[in-house]
Structure formats: structure tokens, C-alpha cells
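# Examination of the molecular architecture
Listed here are the chains, written in short residue letters.
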Amino acid sequence: MPAGSPGPSPVARPGPPAVVGFDDDVDDVRHPAVDAAVRAMANAEGLPPADQIAQYEAAYQTLRETLATIDQA
């Protein structure tokens, strides 16, 4: 390739997937703790890897505890 010519165009990468569960149609089935955990995982994308892991572990624990309380109801 001659000097100064542009290289291959970058491959388009899709953005993050839409956050599932935030539709207006499902307001009656939302749970605040689950919504917060999902938002925390979505927000972790911009953090350094070590901080992402901590966010994911905290969200996982929140989801486990929430599901356990739902199962007991």
C-alpha cells in the first residue's frame, strides 16, 4: 500500500445491547433491587476491569438475594 493512503476501514462494532426489562409495558412486574442491579451492570462498561468485576459481583449478590426472597414469598 502506498504511503499516505488510507488503511482499511475499521470494522463497525455494534454498541452495547439494549437493557432488557425497562419497557413501559412491564412496570407492574419490576423490582427496584433488580432494576438497580441491571443498571449497575450496564454502567460498569465504562469502568476499569477490576472495578467492573466488583460491580458484577455486587449485582450478582443482589440478584441472588432478591430471587431468594421472591422464592420464599
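### Here's the deal with the overall build of the protein chain
A count of helices and strands for the protein chain gives two helices and zero strands. A sequence separation of at least 24 residues applies to 30% of the contacts in the protein chain between residues at least 6 apart. Looking at the protein chain as shown, the accessible area adds up to about 6100 Å², and 60% of this sits on carbon and sulfur atoms.

### Overview of the environment of Gln52
By the secondary structure assignment, Gln52 is in helix α2 (residues 49-72). When the C-alpha positions of Gln52 and Ala42 are compared, they lie 9.9 Å apart, and in sequence the two are 10 residues distant. With near-sequence residues (within four places) excluded, Gln52 lies in contact with Ala44, Glu45 and Leu47. Within the structure, Gln52 has its side chain in polar contact with the backbone oxygen of Ala44 (distance 3.2 Å).

### With respect to the confidence of the model for the protein chain
In this model, the protein chain carries an average pLDDT of 75, and 60% of its residues clear a pLDDT of 70 or more. A low-confidence stretch, residues 9-13 (pLDDT under 50), is modelled with zero contacts involving residues beyond four sequence positions or located in other chains.

### With respect to the environment of Ala33
Mapped onto the elements of the fold, Ala33 is located in helix α1 (residues 32-43). Residue classification places Ala33 among the partly exposed positions, given a relative accessible area of 25%. In this structure, the C-alpha to C-alpha distance between Ala33 and Ala59, residues 26 residues apart in sequence, is 9.2 Å. Those residues in contact with Ala33 that sit more than four places away from it in its chain are Thr62 and Thr66.

### Description of the packing of α1 against α2
At a minimum axis separation of 9 Å, α1 and α2 run at an interaxial angle of 165°. Taken as axis vectors, α1 and α2 run roughly antiparallel relative to one another. Crossing angle aside, the handedness with which α1 passes α2 is left-handed. Across the interface between the two elements, Ala33, Val34, Ala37, Ala40 and Met41 from α1 touch Gln55, Tyr56, Ala59, Thr62, Leu63 and Thr66 from α2.

### Brief notes about α1
Taking 1.5 Å as the rise per residue, α1 with 12 residues should run 16 Å; its terminal C-alpha atoms sit 16 Å apart, in good agreement. When α1 is considered as a whole, its buried residues turn out to be Asp35, Ala37 and Val38. The arc enclosing the buried residues of α1, seen along the axis, measures out at 165°, which places them on a common side. Across from the buried face of α1, at angles greater than 90 degrees, the exposed residues are Pro32 and Asn43. On its buried face, α1 is in contact with α2.

Criteria and thresholds
- Residues numbered from 1 in each chain as written.
- Predicted model: local features only at pLDDT ≥ 70, side-chain atom pairs only at ≥ 80, totals over all residues.
- Heavy atoms only, no water.
- Helix = DSSP H or I, 4+ residues; strand = E, 2+ residues; numbered from the N terminus.
- Contact = heavy atoms within 4.5 Å.
- Areas by Shrake-Rupley, 256 points an atom, 1.4 Å probe, with all protein chains shown as cover.
- Polar contact = N/O pair within 3.5 Å; in protein donor to acceptor, adjacent residues only side chain to side chain.
- pLDDT = per-residue confidence, 0-100.
- Buried < 20%, exposed > 50% of the residue type's maximum accessible area, 1.4 Å probe, protein only.
- Axes fitted to C-alpha atoms, helices over the stretch in contact; angles between N-to-C directions.
- Parallel < 35°, antiparallel > 145°, perpendicular 65-115°, else oblique.
- Left-handed = near helix turned anticlockwise from the far one by under 90°.
- Expected span 1.5 Å × (residues − 1).
- Arc of directions from axis to C-beta.

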